[in-house]
Amino acid sequence: MGGSFTGFYNDENVNRLVLLNPDGTVNSDFKTDSGPGNYSVLALALDSEGSWFIGGSFSAFDGQNQGRLAKVSNSGELDISYLSAGIGFDNTVLKIISLEDKKEMVFGKFTKYNNIPVSRIARLLEDGTLDNNFNKEQGGANNSIETAVKQVDGKIVFAGNFIKYNDMPCGRIVRIFTDGSIDPTFNIGSGFNGAVYTMALQSDQKIIVAGSFFRYNNENAAAKIVRLFPDGSRDFSFNVNFETDAAIQDVLVQPDGKILVGGKFAKFNGQEFSRLVRLNADGSIDTSFNIGTGFDKVVYALALQSDQKVIVGGTFLTFNESSQKRIVRLNSNGSLDLSFDSGTGFSKGDVRTILVQPDDRILVGGTFSGTFKNNIVSRFVRLLKTGDFDPSFDARLNKNLYALSFTADYRLVIGGDFNSVSGISKHRIARLKLCLESTTWNGSSWSKGYPSGGKEVFFKESFSNLISSNVCSCSIDADKTVTLLSQNTLGIEFSYLGSGTLVLEDGASLYQSDDDMINTGIVHVKRKTNPIVRYDYTYWSSPVQNQKLIDFSPNTLSDKYTSYNTRLKKWDIEAPSNVMIVGKGYSIRGPQNYSITERSVFEGVFKGIPNNGKVEINLVESGLYSLVGNPYPSAIDADIFLNANESKTAGALYFWTHNTPIAEFKYSSDDYAVYNLVGGVSTKALSADDKELPPDGKIASGQAFFIRSSTSETIEFNNSMRIKDKNNAFYKPAKIENSNSTKQFDKHRFWLNLTNEKGVYKQILVGYVNGAANSYDIRYDAESMNANQKADFYSIIEDKKLVIQGRALPFEDSDQIFLGYRTAESGNFTIAMDRTDGEISEKEIYIYDKLKDVTYDLRSGDYTFYSQAGEFSDRFEIHFQSENLDVENFENNTNEILVSIKDKIIDIQSLKENLKDVFVFDMRGQLIYKKNSLSAAQLKIPNLKSSDQVLLVKIVLENNRLMTKKIIF
């Protein structure tokens, strides 16, 4: 019956659909999950196989988008391959192999992933996106892939019911290279003549293959199981030759080499063995494994615990005439283990997959629902080693679970035909976090080894030298202290709790990846500045909750705690007792007992519950600067932060440095180190002997910085931005010996410095990067904050004064960069090449001084010039071709190039070489016209949008000679 009814029928909960027995009672064998998710059932039809077609005005059935028509089995199970829509896989996942690089190999019945064709095989990246480099533009398998194994050389063997892979014939089994292509050295001949359901890899890399087939490469395999050599040929020493009357569903190789075989059979190798048998290494039956009368129904899943006891799951209701509903544990000799108390077992459905954790807790998945030992369950549970229900694990699925796999970083990947996990939409594959075992420190030793991935860690006593570890959770007892050493990271998957204290030495990190984790334990986060004097200010942001300003720096004068008022563009004095708002930046002066001349290191300690999860900061309005900061006890990735907030910020971060003492209570020559997606520029102290490392894209814990808004919305910090290390780059920057040691070949950059003998230092960066344009772009172009009172140095685009400029790829030798500068005093200045990377390292770089009409090779040395005080935005250009070879003044080439103006039309003619490119700039360096790839002798430029002014016309010929002409427009 179908309709619009909901509620109860004879005390049974119903939702628009119900199957009644002839006497009018509810047929309990027919049960959907959520059923029609909205609106009515209007039509019903039954096919010859007993499946129901259900039509109506609903758009979802059992939580699955169905477009008003669904097909269910005679038990009410949705056929997800019928008209199924949605994200993720479009059909069942049957097998998952986790790879060492945190990618996942996925196999099953699906043909699409996120609507992209992937026929029964796919590789997913760590973030769950499809790896497009796997089996690129190939066809995959033409039918289901049921099982797979990964060999020690990284090659993968998979099998199932397909007869073609990538349009090549292969009898239900194939081996592939890591890129998804077929390995032709795997010699299977004609392969199998029936479906393969399971495989197991021996330590010698031989492969046990089993299923419903009875031939392999035209050789008889009546027992439905064979062993293959690593090259795919059959191992005839594996002695199983006689009839097995039904399919084998699972095979498990024990550490001693013996082989457990389970399935639908009642007779194996010509002998009576009901659904389970154990073989010796040569394939003969192990008679010491005695299961009595065995199982009454199918065995689908086998697993071993650490004591070599066997967990068995399936559809069975009895074992050796004892009631054991769908799960049982056997002793190593095959007898029933009475200490495993499964009680009434699973009330409905089947166990299809089992995975044992390192602590012997048992993950069980399948088609079951109803109850397990009177606990409500839905397709996925965890049992304790004793067989009791584990109430701490709750991950209910709305459909079946067929595959379980631990990842390299101790997470769990599950696959099946579900589309919901604990109410969250996940289509047929999901990754879960869970604790696999525990270890306890008692003051002298660990109960189960040093803290490591997947472990719950309990500190019953203090621990003074913790080094980098990834754990599931961490708990410290009251009055105990655990110290994480500098430059080390404690990664926690779930929670940090307890009444003790975790001390993070300067540069140490507490890393958490899940925004939803709630911490209750206390941390002390130590942060050291480089040496400062009393009057130096440092920008701070709290990585803990409820941190008072005075508790962080108790010896600072009461009126020297400040925050930046974005709207009023001024500094506000903060009361010392104020609590630091999470994500907000504060400026705190050095302690009052510090010297005003001799520098000392300041160490502040943040004390409280560590921040975790999403943090939002209001930007007030567009175009204003806000002082914000890293809210976590670990570094964050600046690139991820900028990309996540790309529509909300001007795309650059500004870090204050205090390299010289304050004079008359003011900073006079220092500036902001700047970072954007192109890279970073640094500042330099008068007393510094070495260069300093510019911001490298890692924002340390406790670090505050300025950003400029492009909207009035909020910016967001979240755990996806956090990184596990590099928590030591707190400004001031650290010294480095050679910043060219690591080249970034996806960026092609050069840095220029403007200096004088009186301590002026300004650095700019120009980089050719993917995504950048030669017009102004806030993601790749960072404007100068103009905070240095003595001087400024910048490149120019569209009237913007840039400390970082991003340029478009591909790089062209004909490109030009316009430079400007400002100085408060006249005198001699020097422009010098700081460093280069990428392809720019191989290019010539010249500075053209228009005032002197001099072109100078910056790779041969520094360029020194004299300047009056003032601002100059049209004196210097950067070229990548020398004047002697490629750059000629127009006056010396009147016989080759003619430029004229009449009626506001610019006419350019070349008498010898064709024109290649033409650019027109105003005297501020703004590009107002360009024409590329001309391949013509003449160009006319009408209707140029420009007021009366002097313009620069840059002409590039097809022989790459470059000429510049000043014209009055």
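Predicted model only: the values in this text are computed from it and were never measured.

Here we come to the overall build of the protein chain. From N to C terminus, the protein chain includes two helices and 85 strands. Oriented by its inertia axes, the alpha-carbon framework of the protein chain measures out at about 105 × 75 × 60 Å. With the model as given, the accessible surface of the protein chain reaches about 40,100 Å², and the carbon-plus-sulfur share is 47%. When the 105 basic and 117 acidic side-chain charges of the protein chain are each reduced to a single mean position, those positions are 2 Å apart.

Read across the open sheet, the three strands follow the order S45-S48-S51; overall the sheet is parallel. The two strands at the open ends of the sheet, each matched to only one other strand, are strand S45 (469-471) and strand S51 (509-511). With direction set aside, neighbouring strand axes in the sheet form an average angle of 15°. Pairing of strand S48 (residues 489-492) with S51 involves three bridges; the strand directions are parallel. Counterpart to Leu490 in the pairing with S51 is Leu510.

In summary, soluble globular proteins display a tendency toward joint burial of nonpolar side chains. Counting 64 residues, the largest nonpolar core has Phe717, Phe750 and Ile878 as its most contacted members. The residues touching Phe750, leaving out its near neighbours within four places in the chain, are Ile764, Leu765, Val766, Ile817, Met833, Arg835, Thr836, Ile840, Ile845, Ile878 and Phe880.

Once that is clear, we can look at the pattern of salt bridges. Per the counting criterion, the structure on display carries 43 salt bridges. Linking Asp390 and Arg361 is a salt bridge whose minimum nitrogen-to-oxygen distance equals 3.4 Å. Residue Asp390 is located in the loop between strand S36 (375-383) and strand S37 (401-406), and its partner Arg361 is located in the loop between strand S34 (351-356) and strand S35 (362-372); the two are separated by 29 residues in the primary sequence. Each member of the pair Asp390 and Arg361 is classed as buried. Residues joined by salt bridges that share partners form a network here, namely Asp359, Arg361, Arg382, Asp390 and Glu456.

This part is about the packing of aromatic side chains. A complete count under the given rule lists 51 aromatic pairs for this structure. We note Arg835 situated over the ring of Trp751; from NZ or CZ to the ring centre the distance is 3.9 Å. The ring of Phe919 carries Lys954 above its face, with NZ or CZ at 4.6 Å from the centroid.

Turning our attention to the confidence of the model for the protein chain. Considering every residue of the protein chain, the mean pLDDT works out to 88; 92% of them sit at 70 or more. Across residues 884-894 the pLDDT falls below 50, and counting only partners more than four positions away or on other chains, this stretch makes 24 contacts in the model.

With that out of the way, let us pick up the side chain of Glu146. Following the sequence through the fold, Glu146 ends up in strand S13 (residues 145-150). An unpaired buried charge is present at Glu146: no salt bridge exists, and Lys109, the closest side chain of opposite charge, is 5.5 Å distant. One polar contact links Glu146 to Ser144, side chain to side chain, over a distance of 3.0 Å. Those residues in contact with Glu146 that lie beyond four places of it in its chain are Leu94, Lys95, Ala159, Gly160, Val196 and Tyr197.

The three strands are arranged S79-S80-S83 in an open sheet whose pairing can be described as antiparallel. Looking along the sheet, the strands with just one partner apiece sit at the ends: strand S79 (897-902) and strand S83 (938-941). Direction aside, the axes of adjacent strands within the sheet are offset by 10° on average. Taken together, the four bridges between strand S80 (residues 905-910) and S83 define a ladder with antiparallel strand orientation. Bridged to Ile906 within S83 is Ile941.

So, about the environment of Glu574. Tracing the backbone through its elements, the reader meets Glu574 in the loop between strand S55 (570-573) and strand S56 (586-589). Measuring from C-alpha to C-alpha, the distance between Glu574 and Glu146 comes to 65 Å, with 428 residues separating the pair along the chain. Filtering out sequence-adjacent residues up to four positions away, Glu574 remains in contact with Leu549, Ser558, Tyr561, Thr562, Ser563, Lys584 and Tyr586. Reaching out from Glu574, the side chain makes a polar contact with the side chain of Ser563 at a distance of 2.6 Å.

For the structure shown, the criterion picks out one disulfide. Cys474 takes part in no disulfide bond, and the closest cysteine sulfur, belonging to Cys472, lies 11 Å away.

Moving on, we come to unusual backbone geometry. Looking along the chain, the bond that leaves Leu809 and enters Pro810 is cis, with omega of 5°. Along the chain, Pro810 falls in the loop between strand S71 (800-807) and strand S72 (817-823). One non-glycine residue, Asn320, lies in positive phi territory at about 50°. The topology assignment puts Asn320 in the loop between strand S30 (318-319) and strand S31 (322-323). What makes Asn320 partly exposed here is its relative accessible area of 37%. In this structure, Lys373 takes a positive phi of about 50° despite not being glycine. Looking at where Lys373 falls in the secondary structure, it is placed in the loop between S35 and S36.

Here the focus is the environment of Ile522. Take Ile522: it is sitting in strand S52 (residues 522-528). By relative accessible area, Ile522 is classed as partly exposed at 29%. Along the primary structure Ile522 and Leu497 are separated by 25 residues, whereas in three dimensions their C-alpha atoms are 7.8 Å apart. Ignoring sequence-local partners within four residues, the contact set of Ile522 consists of Tyr496, Gly500, Thr501, Leu502, Gly608 and Ile609.

We now examine the pairing of strand S68 (residues 761-769). Summarising burial for S68: nine of the nine residues are buried, a large majority. Of the two faces of S68, both are covered, the one formed by Tyr761, Gln763, Leu765, Gly767 and Val769 as well as the one formed by Lys762, Ile764, Val766 and Tyr768. As judged from the nine bridges shared by strand S67 (residues 747-755) and S68, these two strands associate in the antiparallel manner. If you follow Trp751 over to S68, its bridge partner there is Leu765. Count of turn residues in the S67/S68 antiparallel hairpin: five residues, of which Gly759 carries a positive phi of about 105°. Looking at chain direction, S68 and S71 are connected through four bridges and run parallel. Residue pairing across strands places Val766 opposite Gln805, the latter belonging to S71.

About the cut-offs
- Residues numbered from 1 in each chain as written.
- Predicted model: local features only at pLDDT ≥ 70, side-chain atom pairs only at ≥ 80, totals over all residues.
- Heavy atoms only, no water.
- Helix = DSSP H or I, 4+ residues; strand = E, 2+ residues; numbered from the N terminus.
- Areas by Shrake-Rupley, 256 points an atom, 1.4 Å probe, with all protein chains shown as cover.
- Lys, Arg positive; Asp, Glu negative; His and termini not counted.
- Charge placed at Lys NZ, Arg CZ, Asp CG, Glu CD.
- Pairing = 2+ DSSP bridges.
- Axes fitted to C-alpha atoms, helices over the stretch in contact; angles between N-to-C directions.
- Core = buried A, V, L, I, M, F, W, Y, C linked by side-chain atoms within 4.5 Å.
- Buried < 20%, exposed > 50% of the residue type's maximum accessible area, 1.4 Å probe, protein only.
- Contact = heavy atoms within 4.5 Å.
- Salt bridge = Lys/Arg side-chain N within 4 Å of Asp/Glu carboxyl O.
- Phe/Tyr/Trp six-rings, centres within 6.5 Å; stacked < 30°, edge-to-face > 60°.
- Lys NZ or Arg CZ within 6 Å of the ring centre and 35° of its normal.
- pLDDT = per-residue confidence, 0-100.
- Polar contact = N/O pair within 3.5 Å; in protein donor to acceptor, adjacent residues only side chain to side chain.
- Disulfide = S-S within 2.5 Å.

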